Amino acid sequence: MAKASMTTLVSLAICLSSFLSFCYADDPFFVEGKVYCDTCRVEFETRISEPIKGATVKLECRNRTDQSITYSREAVTDEAGRYSVEVEGDHEEEICEVSAVKSPREDCNEFMESWRKARVVLTKKDGLMQPLRYANNLGFFKKEALPGCAEVLRELGFPKIN
């Protein structure tokens, strides 16, 4: 009886070990996000913000201690302003951020410092097992605010802008 219990216990330990190694396998992560044109120059998206097709973003992971870059990859947005970056490996001990690099639009290429970077966590050791990670949206300022911005901001409860 004791031998059967020990065999069952060892078998269970092997199965559990196999399951955990499968969960923490080096499957790639996918970081997704969006790049938009802030047509009202207010540093947040509105209903008249526009997606930017062809914008370049860069994902970089840095060593927490010396800030050296340990991983880097670029991506370009599609028609909807969306991008997807495939990331190899687990980056638990690193700081990873997606940053806006370049906008192809001459009328909307001024960096928005507050939305130029978005931090993402790229490890499965944080309890989140799915490979998909979402970054906050990144944006660029339009050179001149659109005429409809005053109405949009009024709809959002902002006071009248002169």
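*Asks:* Explain the environment of lysine 34 here, please?
*Replies:* As for its placement among the helices and strands, lysine 34 is situated in strand 1 (residues 29-38). Separated by 102 residues in the primary sequence, lysine 34 and asparagine 136 have C-alpha atoms spaced 7.6 Å apart. Ignoring sequence-local partners within four residues, the contact set of lysine 34 consists of Glu45, Pro51, Ala80, Gly81, Arg82, Tyr83, Asn137 and Leu138. At 3.3 Å, the side chain of lysine 34 forms a polar contact with the side chain of glutamate 45.

*Asks:* Looking at this model, I keep getting lost on unusual backbone geometry. Mind explaining?
*Replies:* What is expected of a backbone is that most residues other than glycine have negative phi and most peptide bonds are trans. In the Ramachandran plot, glutamate 43 falls in the positive-phi region, its phi being about 70 degrees despite a non-glycine side chain. For glutamate 43, a relative accessible area of 35% translates into the label partly exposed. Positive phi is not limited to glycine here, since glutamine 67 has a value of about 65 degrees. Tracing the backbone shows glutamine 67 in the loop between strand 3 (56-63) and strand 4 (69-76).

*Asks:* How do you make sense of the pairing of strand 3 when you look at a structure like this?
*Replies:* The two faces of a sheet get side chains in turn, since along a regular strand they alternate between them. When you tally the buried positions in strand 3, you get 6 out of 8 residues, the bulk of the element. Linking strand 3 to strand 4, which pair antiparallel, is a turn of 5 residues; within it glutamine 67 sits at a positive phi near 65 degrees. Alignment of strand 3 against strand 6 (residues 94-102), held across 8 bridges, turns out to be antiparallel. Following the sheet pairing, glutamate 60 is matched in strand 6 by glutamate 97.

*Asks:* Would you explain the pairing of strand 8 (residues 117-120) in this entry?
*Replies:* Residues Ala118 and Val120 point to one face of strand 8 and are all buried, whereas Lys117 and Arg119, pointing to the other face, are not buried. As judged from the 4 bridges shared by strand 6 and strand 8, these two strands associate in the antiparallel manner. The partner of glutamate 97 across the bridge, within strand 8, is arginine 119.

Conventions and cut-offs
Residues numbered from 1 in each chain as written. Predicted model: local features only at pLDDT ≥ 70, side-chain atom pairs only at ≥ 80, totals over all residues. Heavy atoms only, no water. Helix = DSSP H or I, 4+ residues; strand = E, 2+ residues; numbered from the N terminus. Contact = heavy atoms within 4.5 Å. Polar contact = N/O pair within 3.5 Å; in protein donor to acceptor, adjacent residues only side chain to side chain. Buried < 20%, exposed > 50% of the residue type's maximum accessible area, 1.4 Å probe, protein only. Pairing = 2+ DSSP bridges.

From the geometry alone we can't say anything about function, so treat these as descriptive.
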